[in-house]
Amino acid sequence: MKIKLLSLLILNLFLGWNVSKAIIPHPDHIVIVIMENHGYNQIIGTSSAPYINSLVADPKGALFTNSHGITHPSQPNYLQFYSGSNQGVTGDGFPTVNPFNTLNLGASLIAASKTFITYSEDLPSVGFNGATSGNYARKHNPCANWMGAPSNGVPTTVNLPFTSYPTDYNTLPTVCYVVPNLLNDMHSGSITQGDTWLQANIGAYITWAKTHNSLMILTWDEDNNTTPNQIPTIFVGEKVLAGQYAELINHYSLLRTLDDIYSLPYSGAASTAVSITDCWIPATGIINNSVPAEYKLEQNYPNPFNPTTNIRFSIPKQQFVSLKIYDSIGKEVSTLVSEKLNAGNYEYNFSGSDLASGVYHYILTSSEFNQTRSMILVK
């Protein structure tokens, strides 16, 4: 990968183009699942979690080998991931202050005209605010602490039972938490039970996400009560660059990444955390020293391709730009760009590793420009 990027940089120097910045993709949907109380070495590489380890080896999967919970016990970690702060909560009991009024992921998404929902297994009713019900534990459902708050609140309607989790994944909210019950999140049940539950209930979404510009984040609240507090964290999705990543990350890093993906204000300690930017399929914006005189969408290269190709375009002024890929019958298969870009020349990498051979079309759209070109994937 480093050799490929170095070659691209050398080529750009000859062409007079400069690499501007790493670009974080913008998934249409993100599903977050948080498991309980197991350390990295209890999960990764073990026979007890065959499905989870298959995600590590997936060509759309990324494993973070230096990921850590922030504290013990469980509840503060959930609050830190969701709001960038433990909100003064240091234990697992019902918080003495309720609701909280601070900035948080759900409220920020809603304010930005995005959508957010938590689907909790065994939640007895919409908006339930009790501490427990059967094997449901409120301490694992952080958004409940902001329901009805006069500032930065979320409505009770975002707190849904898992029975409301859709089978049509196109109808999923922008971001959702899926909260397994105490038996299936590895808290009271076994690793194998949690692994089996994940495959049975989230596996179909994960498969779908790999071809529908979506993402699954799987992480843990804390390890098995050790000082390193090292936990597994796995990303799987269409724009994920497969591999293992060794940078130090924690729950604040995950929140900061979500805030940056959707251009949200930073909640709490997310403001000083560092986004995760190295695990995405290269989509590096390249800006020339001079402003292009006209719009231009170039033919991809190489073409035909297998499985990756590069697409270049130029825009003469700052504006919102969309670059999407469609199959031969007009079904959208990928979104490479959906954001405001400065005037300049850009190059994006597209991978068809999960697609069948055939003719595909890529369309560049702005308020003033629309052009389509075709490309051929041959496997």
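Read on for a plain summary of the structure. The residue count restarts for each chain, going from 1 along the sequence in the order it is written. Owing to the predicted nature of the model, reporting of local features is limited to residues with pLDDT of at least 70; listing and counting of side-chain atom pairs is limited to 80 or more, with chain, interface and lining totals taken over all residues. For the side-chain quantities, the full set of heavy atoms in the structure was used; hydrogens and water were omitted.

Let's talk about the pattern of salt bridges
Short version of the rule: The rule for a salt bridge is simple: a side-chain nitrogen of Lys or Arg has to be within 4 Å of a carboxyl oxygen of Asp or Glu. Secondary structure is summarised from DSSP: a helix means a run of H or I of at least four residues, a strand means a run of E of at least two, and numbering begins at the N terminus for each. Partly exposed describes any residue whose relative accessible area lies between the buried limit of under 20% and the exposed limit of over 50%, with all areas from a 1.4 Å probe on protein chains only and scaled to the type maximum.
Counted under the stated rule, the structure contains six salt bridges. Across the salt bridge formed by Lys317 and Glu368, the nearest N and O atoms sit 2.6 Å from each other. In this pair, Lys317 sits in the loop between strand S16 (308-315) and strand S17 (319-326) while Glu368 sits in the loop between strand S20 (358-365) and strand S21 (370-377), placing the two residues 51 residues apart along the sequence. Exposure remark for Lys317: the relative accessible area of 39% places this residue in the partly exposed category. Overall, Glu368 belongs to the partly exposed group, its relative accessible area being 46%. Residue Lys324 is joined to Glu332 by a salt bridge in which the shortest nitrogen-to-oxygen separation is 3.6 Å. In this structure Lys324 comes out as partly exposed when scored by relative accessible area, which is 23%.

A few points about the nonpolar core
Spelled out, the test is: Among buried residues, those of type Ala, Val, Leu, Ile, Met, Phe, Trp, Tyr and Cys that are joined through side-chain atoms within 4.5 Å constitute a nonpolar core. Should any heavy atoms of two residues lie within 4.5 Å, those residues are counted as being in contact.
Judged by nonpolar contacts, the single largest core of 41 residues is most densely connected at Ile30, Ile32, Leu105, Tyr177 and Phe235. The set of elements that each furnish at least two residues to this core consists of strand S2 (29-35), strand S3 (61-64), helix H4 (74-83), helix H5 (105-111), strand S9 (175-179), strand S10 (214-220) and helix H7 (251-261). Other than its neighbours up to four places away in sequence, Ile32 contacts Phe81, Val175, Cys176, Tyr177, Val178, Ile217 and Leu258. Counting 36 residues, the second largest nonpolar core, distinct from the first, contains Met35, Tyr169, Ile206 and Trp220.

Concerning the packing of aromatic side chains
As a reminder, the rule being used: Between the rings of Phe, Tyr and Trp (Trp by its six-membered ring), a pair exists once the centres lie within 6.5 Å; its type follows the angle of the planes, with under 30 degrees stacked, over 60 edge-to-face, and the other angles tilted. By the criterion adopted, a ring carries a charge over it if an Arg CZ or a Lys NZ lies within 6 Å of its centre and within 35 degrees of its normal.
Enumeration over the complete set of coordinates arrives at 22 aromatic pairs. With a centroid separation of 6.0 Å and an interplanar angle of 35 degrees, the aromatic rings of Tyr205 and Trp208 are classed as tilted. Here Trp208 and Tyr205 lie together in helix H6 (residues 191-209), a separation of three residues that amounts to about one turn. Judged by its relative accessible area of 14%, Trp208 is buried. Here the aromatic residues Tyr119, Phe162, Tyr165, Tyr169, Trp197, Tyr205 and Trp208 are joined through ring pairs into a cluster of three or more. The cationic tip of Arg138 hangs over the ring face of Phe94; the distance from NZ or CZ to the ring centre is 4.2 Å. Directly above the ring of Tyr266 sits Arg256, whose terminal nitrogen or CZ lies 3.7 Å from the centroid.

Here's the deal with the sheet that holds S16
The condition that has to hold: Strand pairing is assigned whenever DSSP identifies at least 2 bridges connecting the two strands.
With antiparallel pairing, the three strands of this open sheet are ordered in space as S15-S16-S19. Both outer strands of the open sheet, strand S15 (296-297) and strand S19 (344-351), are each paired with one neighbouring strand and no more. Where S15 meets S16, two bridges bridge the pair, whose relative direction is antiparallel. Following the sheet pairing, Leu297 is matched in S16 by Phe313.

Everything listed here is a matter of geometry and, on its own, says nothing about what the molecule does.
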